[in-house]
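Observations on the model geometry
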Amino acid sequence: LSLNETRLSFEGLAAAYADALHAELSRLDPVATRLVVLEPILLKMPEKGSVLKKLVKKLEAHPHFETVVYAYFGDAAAAWKTLCGLDVAGVGFDFTYTPQGENLLKRRWDKRKIFYAGLVDARNTKLETGRELFPALRGLSRVVAEEHLVVTPSANLEYLPIDRCRLKLANMVKWVNQFNGRGK
């Protein structure tokens, strides 16, 4: 949703970004295996799903990476069909904006894909409790197999102080481990 000051159309600019990202991926070959595309535009402009599909297809063409598309900063309901239709290793979304997220998964989910559940609110420093996380984890565990479920913050943590980022991540791991019976 950045200001486009080029002479390119929205589609042309997206293609240029895809080309640039594809070129950069070659430099990451020896150190990375998964590419997570953080995608806020689809939630604000679900009609642009075909543009995202083209961009993802270009990135997926890289032989050394599996691609995950994660949508955030909006309710994923309008974009869910597009997200599910992407030929990627996994998808995910921000549950803080998508309170009916479990219902979306029940309606349509490819059980072979990885699901990234953004359960930890990345927009504040408050630490979540088990009481807050466990209901969502219970619901998700009915739909997504444990080996295909990744619990994440709802968005990037770059706006939080580094000490709070570390606390939020450690807290998230603690509660997920406790939910899975591996915690103290």
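This section reports on the structure supplied with the text. As the structure is a prediction and not an experimental result, all values here were calculated from the model.

A few words now on the sheet that holds strand E2 (residues 66-71). Here we have 5 strands laid out as an open sheet, ordered E1-E2-E3-E4-E5, and parallel in their pairing. Each having just a single partner strand, strand E1 (34-38) and strand E5 (149-153) make up the two edges of the open sheet. The mean inter-strand angle of the sheet, taken between neighbouring strand axes irrespective of direction, is 25 degrees. Here E2 pairs with strand E3 (residues 90-94) via 4 bridges, running parallel. Counted as the bridge partner of alanine 71 is phenylalanine 93 from E3. Here helix H3 (residues 49-60) sits on the sheet and contacts E1 and E2; the angle it forms with E2, its principal contact strand, is near 150 degrees.

Take the pattern of salt bridges next. Using the criterion set out here, one finds 10 salt bridges in the structure. For glutamate 66, the salt bridge identified is with arginine 34, shortest N-O distance 2.5 Å. With glutamate 66 in strand E2 and arginine 34 in strand E1, the pair connects residues that are 32 residues apart, well separated along the chain. We classify glutamate 66 as partly exposed; its relative accessible area is 30%. In this structure, lysine 106 and glutamate 102 form a salt bridge, with 3.2 Å as the shortest nitrogen-oxygen distance. You can see lysine 106 and its partner glutamate 102 sitting in helix H5 (residues 101-107), 4 residues apart, about one turn around the helix. If you follow the salt bridges from partner to partner, you end up with Asp94, Asp121 and Arg123 in one network.

This paragraph deals with unusual backbone geometry. Phi angles above zero are rare outside glycine, and phenylalanine 73 is one such case at about 65 degrees. With respect to the helices, strands and loops of the structure, phenylalanine 73 is situated in the loop between E2 and helix H4 (80-85). A relative accessible area of 31% places phenylalanine 73 in the partly exposed class.

Cut-offs applied
Residues numbered from 1 in each chain as written. Predicted model: local features only at pLDDT ≥ 70, side-chain atom pairs only at ≥ 80, totals over all residues. Heavy atoms only, no water. Pairing = 2+ DSSP bridges. Helix = DSSP H or I, 4+ residues; strand = E, 2+ residues; numbered from the N terminus. Axes fitted to C-alpha atoms, helices over the stretch in contact; angles between N-to-C directions. Contact = heavy atoms within 4.5 Å. Salt bridge = Lys/Arg side-chain N within 4 Å of Asp/Glu carboxyl O. Buried < 20%, exposed > 50% of the residue type's maximum accessible area, 1.4 Å probe, protein only.

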